[in-house]
Each structure stands twice: as C-alpha cells, then as structure tokens.
Amino acid sequence: MTTLSDRRDTADRPGDRPPGRLAGTTYLLRLALRTERFTTPVGVLVVPVLYLLTAASLAPLYPDATSRAALADGSAANAVFRILLGPLRDTSGIAQIAVWRVGAFALLVVAIIVAATVTRHLRGPEATGRMELVRAGAIGAAAPLAAAAITAMGAAVATGVSTGAAAALAGVPAPAATFLALQFVGAGLAATGVAAVVDQVVTTSRTAIATSAVVLLTAYLVRGIGDAVGGLAWMTWLSPLGWAERVDPLGDRAVSPFLACVALCAVGLGVAAAVVRRRDLGAGLVQPRPGPPVARWPISTLGVTVRTMGASLVPWMSGAFAYCLLVGLLTDSIDDLVGASGATGDVLRDIGGGSGAASSGLVGALIDTVLGIVAIAASGAAVSVVGHLREDDRTGRAEILLATAVSPVSRLLAAAATATVTATLVLLLAGVGLVTGAAAVGGDGPGVVDVLVGAVSQLPATLAVAAIAWAAYGFGRRWIAVGWAAVVLDLLLGPLGTLIGAPQWLRDTAPHTHLPADVGAPVPLTAAFILIVVATALLTTGSWALRRRDLV
C-alpha cells in the first residue's frame, strides 16, 4: 500500500492548531498521481487513438466529395445516427468526418472515465477504510475532494489537448482543433462535478461509478433526442453533454456552452464540499438498506457468488441488448447508409467473417459483424467475474468466505459457472435486441432462430478466451491482466484480423477466428468441441495451480 510519509505539517504537537479544510491536499495529490500513473495515461489516450484509427479507416471509404455527400444524405441524416453521433457539420475532408464519427459517443466515454477517476480517489478510499487512516493525520476534511477533483480535471484537460492535437495532425484546421479540445475538456469538467455530488450520496465506489454512468448516459440520450427530433433541439440545453456538443468546433465554435460546463463543475464541487462538512466519514446521504436477518434461499458458494457479483454484471447484459436494439433499428435502411461506397459493405463482410451474409446481403453482414463484436464483449464480461475474485482477495472478503467449508477451487468453479451464464445471457440478449429492432422497423434479414443460434454458437470461443483469465488467476491474482490482454488480442486477430492485415497463421490463434458469427450457416461442431476442451483444460490448470498458492 502506498502511504503518506515525510509530513512536515503534522498537527499532533501540543499547541498546534487543527489542520485547515484543505490541509494535506498536496500530499493527497501526489499520492493520487502515483496511484494513477498507469490508469490515467491509458484513459487519456483512448479518444485520440480512437480518432486516429477512425480517420485511417474512413479514408478508403469516402475518398471523394461525391461519397462524402452521399454520407451526409444517408447515414448522417438517419435519426439513429444523430442520436449516437450528433449532427454532421462538415464533410470537407476525412479528418472532419472522423470528428463526427467519434462524435458525441466519445464525449460520453471521456465523461465516464473522468467520473470514475473522481470516485477512485474520493468514495473508493472511504469504502475500503483507507481514508480513515489518511484522515487520522493532518489532513483537512476537504483535501480528499480537492485532490480527486484536481486529478480528474487534469485528466480531462490532458484528454482534450491530446484529442485536439490528434485532430490537427489528421488535418483539422487549428481553430477547429482548439475548440475540439475545449469540447472534450468541457465534458470532463461537467463529469467531475456530477461525480463529486454522486460520491456524497452513495456509500460504495461500485454504486457511485454505476450511478454516475447512468446520469451521464441519460444526459447523452437527452442530447440525442434533441439532435434527432425536429423541434426538440432545445433539449440539448438540458444535458451537460449537449452543452459540450454545442461548442461545435466545426461550426459556430461557441465558448458559452464550455463556460456552462465549467459552471456545473464549480457548482458540483461546491455542493460536494458542503456535504462533506456535514456527513460522517464513510457515510452517504442515502444509506444502504440492511439485508434480511436470514438467507432467503439455501446458502451455497454459487449463490453467494451470484449475490455479490450479479448487480455488476447487469450492465454488460443490458448494454449488449441496448446496442443491438439500436443496430436492429438500422436494418431497414442499411442500403441507404452504405450508399455508393461499396467498400463499406466489403468491410462489414470482412468483420462478419466474409461469408455469413451471402443469403441476406448487407443486413446479414451487419448482423454477423455486430454479433462478432458482442461475443468479444461477452468474453470481457466473463473475465470481469474473475476480476471480482481478485477484488475480494484484496479487500479480505475472500478470507471470510474461505474460513467456512468453502475451498478456493469451489470458489473458482462457482465464478466460472457465473461467468458462463453471464456470457450466454449477453449473447442471447444481443440476438434478442437485433431481432426486436429489426422487427420494429420491418427490416429484412435472417429469422429469429437463426440469429439466436448464430449468437450462442460463439459461446465456446468466448469461454476459451475467458478461461485464460481463470487459469491466470490460479497462478496469482496479479496475472488476471493476461485475461484482459487475451480479450484485446482476440478482438484484433478475430473480427478485425482481416482489416489490420494480420497473417492467417496469427489469426488462427484467436478462438473467434474458428467460430465466427455466421447466421444461417451450420455451426462448426468440431471447432466448438475443441474450444470447449481447451476451456476445460485451462480451468483445470487454474484449479490445480490455485491449490498450491497462498490467497494473497
């Protein structure tokens, strides 16, 4: 654990005055910067890297003014795209189109990353008891809030500056790139104020992050309705993300919406500081309800696992359903969205496996592509279950459970069963979302059974990826990062392998290369069986290693 040391302003000597409200902020800020030395740089680089990759991928799709005009009349005019990305302001070049394609969704991503940064340094230490140790020294009541806010705002500024620099590098004019940076900084500042208030309301870091994400997602949807529905443009002024969007780097380049984001940040921090003075350390304005005096069902290792992890797995499932529902709403206009760019259809077929949509054209290619990406997300959901095991080990909750008649191996097997069910539900709900959206707009495409079978048929490949994390946990909780690396590599070498030009022998190392989404085609049973055997072998290896190591 990183500790505060070399403190020269201690107030425990006779005659010393109590520390001021901001005393010790410098020490907490140094501690925050040290603990964020890996997480924050990664978060800062997400959007600029995404922007550069998007610009590179769009260049062959819209090489001339005609194809860009078709984009403006097709995708950009579609209501669903306006909800997701906002209005397309400028089609003069690929760099400008990439700004729109990254768009409002990237503002949401930045806002959630910044909000999570606030919570990691404010509510997180309180929930684990570390803040009680810190506040036992000469640390003022408002110092943790100040340090968390400065860290988050620094991350927002760094994200904005790096995104603006990436846009300028891609060809966006300097004035527009500057306002693009302000746009992302404004979204991050608004999220800082929101998260600071949310952290005073709830009592656990997990609930705080989820609540902040829900608030920001609601703001994103309100903005989207204002962009998509004629006569409701005023609704964008009800959303902090709408304010950030109205900075409009490729259009009006307004400063007043950015100042509104700054004001929200200031008000949120002021409210949070006032609440901090009046609440107990570790408490919140909304106290959690006590649990029932007795268990409502027979206690088992699997039941405890589901009970403790279930709430955190719901966003994976609901997110897959909502995303696929939106995609399903596009199936009736896919030809208009692709327009004259045949390269876009080729890209869809490549990501979808190249052969999955022969019978239903672009609609089938789109469904295969989406289900292939969702299968990777299902792997991430399964790996996150193992991440909860690591968190329980670190906080001591695992010791309480293992003090009973529960073995480490049975705990791992219960987590693997929970991960399997979670991955299955993510895939099924994705299929249901696609079918529901397509039915709502009367789009053509594969049948319901074909879509659901195509989704679930990827489960063996998904579990083979997740099993890498299960095996890694058996050798040590720090090795779970190997599981997340496997998820990323599976995405790059599986669905995206053709696009990045990976050689076939390298693509063959990705489980989803052998079991891609191929709606309406026979399931390759041999490949599925081999992947199930691989997943079982990895789980067995993890169980064997877990028996031979200490908990920590």
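What you see is a predicted model; the values in this text were computed from it and never measured.

Asks: An account of the overall build of the chain is needed here, citing residue identities and associated values.
Replies: In terms of helices and strands, the chain carries 24 helices and 0 strands. Taken over 552 residues, the chain has a buried fraction of 48%. Once local pairs closer than 6 in sequence are excluded, the contacts in the chain between residues at least 24 apart make up 76%. Counting only carbon and sulfur atoms, one obtains 67% of the accessible surface of the chain, whose full area is about 25,100 Å².

Asks: Please give an account of the nonpolar core that cites residues and values.
Replies: With 62 residues, the main nonpolar core has Tyr51, Leu58, Trp100, Leu145, Val172, Phe184 and Leu241 as its most contacted residues. At the level of secondary structure, the elements contributing two or more residues to this core comprise helix H2 (39–58), helix H4 (79–85), helix H5 (94–121), helix H8 (143–170), helix H9 (174–201), helix H10 (205–228), helix H11 (240–246) and helix H12 (256–278). With 48 residues, the next largest nonpolar core counts Ala375, Ile376, Leu463 and Ala467 among its residues.

Asks: Tell me what's going on with the packing of helix H1 (residues 25–35) against H8, and back it up with residues and numbers.
Replies: Following both chains from N to C, one finds H1 and H8 inclined at 45 degrees, their axes separated by 9 Å at the closest point. Classified by the angle their axes make, H1 and H8 are oblique. The hand of the H1/H8 crossing is right-handed. Residues Thr25, Leu28, Leu29 and Ala32 of H1 form the contact with H8, whose participating residues are Ala143, Pro144, Ala146, Ala147, Ile150 and Thr151. Class assignment of the residues belonging to the contact of H1 with H8 gives a composition of 8 nonpolar, 2 polar and no charged.

Asks: Can you explain the side chain of Ser543? Please cite residues and give values.
Replies: Here Ser543 shows up in helix H24 (residues 525–546). What makes Ser543 buried here is its relative accessible area of 7%.

Asks: Describe in detail H1, supporting the description with residues and values.
Replies: All of the buried residues along H1 are Thr25, Tyr27, Leu28, Leu31 and Ala32. Projected down its long axis, H1 carries its buried residues within an arc of 160 degrees, all on one side. For H1, the exposed residues set more than 90 degrees away from the buried face come down to Thr26, Arg30, Leu33 and Arg34. Looking at the packing, one finds that the buried side of H1 touches H5, helix H7 (130–135) and H8.

Asks: Quick rundown of helix H13 (residues 301–328)? Include the residues and the values.
Replies: Here H13 is 28 residues long and its end C-alpha atoms lie 38 Å apart, about the 40 Å a rise of 1.5 Å per residue gives. The sharpest bend along H13 comes to roughly 60 degrees, located at Gly310.

Asks: Requested: an account of unusual backbone geometry, with residues and values cited.
Replies: You will see that Asp248, though not glycine, has its phi angle at about 50 degrees, which is positive. A positive phi angle, close to 55 degrees, is found at Arg253, a residue other than glycine. Mapped onto the elements, Arg253 comes out in the loop between H11 and H12. Among the residues examined, Arg253 registers a relative accessible area of 33% and is labelled partly exposed.

Asks: I'd like to hear about the pattern of salt bridges, residue by residue, with values.
Replies: For the coordinates displayed, the defined rule picks out 7 salt bridges. A salt bridge links Glu245 to Arg223, with the shortest nitrogen-to-oxygen separation between them at 3.2 Å. Placement of Glu245 in helix H11 and of Arg223 in helix H10 is noted, with a sequence separation of 22 residues between them. Owing to a relative accessible area of 1%, Arg223 belongs among the buried residues under this scheme. One salt-bridge network, in which partners are shared between bridges, spans Arg123, Glu126 and Arg279.

Asks: Quick one: what's the story with the state of the cysteines, residue by residue and with numbers?
Replies: In a disulfide, the sulfur atoms of two cysteines are covalently bonded to one another. Taken as a whole and judged by the stated rule, the model has 0 disulfides. In this structure Cys261 is a free cysteine whose sulfur lies 9.6 Å from that of Cys265, the closest cysteine sulfur available. Relative accessible area serves as the criterion here: at 0%, Cys261 is assigned to the buried category. Since its relative accessible area comes to 5%, Cys265 is described here as buried.

Asks: An account of the packing of H2 against H8 is needed here, citing residue identities and associated values.
Replies: To characterise two packed helices, one gives the angle between the axes of the helices and the distance between these axes. The contact between H2 and H8 brings their axes to 9 Å, and the two run at 25 degrees. Accordingly, the angle class assigned to the pair H2 and H8 is roughly parallel. In terms of crossing hand, the pair formed by H2 and H8 is right-handed. Residues Thr40, Gly43, Val44, Val47, Pro48, Tyr51 and Leu52 of H2 lie in contact with H8, whose contacting residues are Ala155, Ala158, Thr159, Ser162, Thr163, Ala166, Ala167 and Ala170.

Asks: Could you give an account of the packing of aromatic side chains, naming the residues involved and the relevant values?
Replies: Overall, the coordinates contain 1 aromatic pair when judged by the stated rule. Relative to Tyr220, the ring of Phe105 has its centre 6.5 Å away and its plane inclined at 70 degrees; by these criteria the two rings are edge-to-face. With Phe105 in helix H5 and Tyr220 in helix H10, this pair connects stretches of sequence that are 115 residues apart. Exposure remark for Phe105: the relative accessible area of 43% places this residue in the partly exposed category. The ring of Tyr220 has Arg223 sitting right over it, with the charged end atom 4.8 Å from the ring centre.

Asks: Which residues make up empty space enclosed by the protein, and what values do they have?
Replies: Once rolled over the atoms, a probe with the size of a water molecule shows which space is left empty. A full pass over the atoms with the stated rule returns 3 cavities of 30 Å³ or more. Taken as a whole, the largest cavity holds about 220 Å³ of empty space. Along the wall of the largest cavity there are 20 residues; nearest its centre are Pro87, Val99, Trp100, Gln183 and Pro249. At the level of elements, H5 and H9 are the ones that each hand at least two residues to the lining of the largest cavity.

Criteria and thresholds
Residues numbered from 1 in each chain as written. Predicted model: local features only at pLDDT ≥ 70, side-chain atom pairs only at ≥ 80, totals over all residues. Heavy atoms only, no water. Helix = DSSP H or I, 4+ residues; strand = E, 2+ residues; numbered from the N terminus. Buried < 20%, exposed > 50% of the residue type's maximum accessible area, 1.4 Å probe, protein only. Contact = heavy atoms within 4.5 Å. Areas by Shrake-Rupley, 256 points an atom, 1.4 Å probe, with all protein chains shown as cover. Core = buried A, V, L, I, M, F, W, Y, C linked by side-chain atoms within 4.5 Å. Axes fitted to C-alpha atoms, helices over the stretch in contact; angles between N-to-C directions. Parallel < 35°, antiparallel > 145°, perpendicular 65-115°, else oblique. Left-handed = near helix turned anticlockwise from the far one by under 90°. Nonpolar A, V, L, I, M, F, W, Y, C, P; charged D, E, K, R; others polar. Arc of directions from axis to C-beta. Expected span 1.5 Å × (residues − 1). Bend = angle between axes of the 7 residues up to and from the residue. Salt bridge = Lys/Arg side-chain N within 4 Å of Asp/Glu carboxyl O. Disulfide = S-S within 2.5 Å. Phe/Tyr/Trp six-rings, centres within 6.5 Å; stacked < 30°, edge-to-face > 60°. Lys NZ or Arg CZ within 6 Å of the ring centre and 35° of its normal. 1 Å grid on protein atoms, 1.4 Å probe; cavity = no way out; pocket = protein on both sides within 12 Å on 5 of 7 lines; lining within 4 Å. Points joined across faces, edges and corners; volume = space filled by probe spheres on them.

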